[in-house]
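The residues making up each chain are set out below.
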Amino acid sequence: MPYDNKRHHRRSIRLKGYDYSQAGAYFVTICTQDRECLFGEIVDGKMVLNDAGRMICRWYSELKNKYPDIRCDEFVCMPNHTHFVIINAGGNVRADRPGVRPGVRPDVQPDSMGETSKPSKTGEHAGSPLRAVVQWFKTMTTNEYIRGVKQHGWTPFPGKLWQRNYYDHIVRNEHEMNRIREYIANNPLKWEIDRDNPDAISGGMATPQEPPQ
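If you're wondering where the values come from, they're calculated on a predicted model, not measured in any experiment.

### What to know about the overall build of the chain
Now for step 1: Summing up its helical and strand segments, the chain has 4 helices and 6 strands in all.
Now for step 2: Starting at the N terminus and walking to the C terminus, you meet the elements of the chain as β-β-β-α-β-β-α-β-α-α.
Now for step 3: A buried classification covers 47% of the 213 residues belonging to the chain.
Now for step 4: Sequence separation of 24 or more characterises 70% of the internal contacts of the chain that already satisfy a separation of 6 or more.
Now for step 5: For the chain, the exposed surface amounts to about 11200 Å²; the carbon and sulfur share of it is 50%.

What follows is the structure, encoded as structure tokens:
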């Protein structure tokens with residue numbers, strides 16, 4: 001079965017009205033256009049990066065230099081997509097300030113009963129908007145990939161390198177953060193049934209399961 005953009009489009013769950021520039025941890029997935037496998041291959045459950053894949057990794061590590069108020073967390077570059085977690089310190093809010101547990105949004109810290117408060121939408125501690133961070137990453141990787149095509153014979157991409165949209169999820173507590181980190185780390189092991197694997201899709205083996213939440 002050929003790739004169908006409507007059938008296999010990754011659903012966005014961005015919250016309407018939520019301020020993505022405020023302090024918090026965000027799980028992000030970005031896929032190549034038409035799920036083209038451009039960054040390497042999976043061999044024995046491990047991702048073997050090609051030059052383009054190594055380039056993707058370099059630009060991810062540059063995010064913290066471009067945006068000093070964010071911290072890069074778990075990351076994987078797959079043949080046709082990336083998963084990563086970034087922690088936005090919210091502008092003048094330190095990510096490691098006392099009382100804020102790593103990987104948990106400061107405005108949803110669990111109380112003594114394990115419940116969390118509702119997310120603040122005021123953006124009081126505004127930082128780098130997630131949309132801007134993702135767009136910069138896509139722009140820089142696209143530009144360098146184009147140079148790779150021209151100078152090193154990398155595989156040309158159809159139209160655009162990345163899909164226009166992306167998937168994101170607000171990490172709400174430490175338990176969820178640990179499960180997402182595990183999901184990202186184990187992603188290469190599950191490539192044969194990955195919903196982004198064209199061979200799994202065509203063979204009817206792809207699983208519709210989203211990352212743990």
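### Quick word on the packing of aromatic side chains
Now for step 1: Across all of its chains, the model carries 12 aromatic pairs by this definition.
Now for step 2: A centroid spacing of 5.5 Å and a plane angle of 45° characterise the contact between phenylalanine 39 and tryptophan 162, whose relative ring orientation is tilted. Here phenylalanine 39 is found in the loop between β1 (24-31) and β2 (40-43), whereas its partner tryptophan 162 is found in the loop between α2 (130-152) and β6 (167-171), with 123 residues between them in sequence.
Now for step 3: Between the aromatic rings of phenylalanine 75 and phenylalanine 84, the centroid separation amounts to 6.4 Å while the plane-to-plane angle is 35°, which identifies the pairing as tilted.
Now for step 4: Here phenylalanine 84 falls in the buried class, since its relative accessible area comes to 1%.

### Brief notes about the sheet that holds strand β5 (residues 81-88)
Now for step 1: With respect to topology, 4 strands assemble into an open sheet ordered β4-β5-β1-β6, the strand pairing being antiparallel. The open sheet has two edge strands with one neighbour each: β4 (70-77) and β6. Pairs of neighbouring strands in the sheet enclose a mean axial angle of 15°, with direction left out of account.
Now for step 2: Pairing between β1 and β6: 5 bridges, direction antiparallel. Within β6, the residue paired with valine 28 across the bridge is aspartate 168.
Now for step 3: Across the face of the sheet, helix α1 (residues 51-66) comes into contact with β4 and β5 while running at roughly 165° to β4.

Quick notes on the rules
- Residues numbered from 1 in each chain as written.
- Predicted model: local features only at pLDDT ≥ 70, side-chain atom pairs only at ≥ 80, totals over all residues.
- Heavy atoms only, no water.
- Helix = DSSP H or I, 4+ residues; strand = E, 2+ residues; numbered from the N terminus.
- Buried < 20%, exposed > 50% of the residue type's maximum accessible area, 1.4 Å probe, protein only.
- Contact = heavy atoms within 4.5 Å.
- Areas by Shrake-Rupley, 256 points an atom, 1.4 Å probe, with all protein chains shown as cover.
- Phe/Tyr/Trp six-rings, centres within 6.5 Å; stacked < 30°, edge-to-face > 60°.
- Pairing = 2+ DSSP bridges.
- Axes fitted to C-alpha atoms, helices over the stretch in contact; angles between N-to-C directions.

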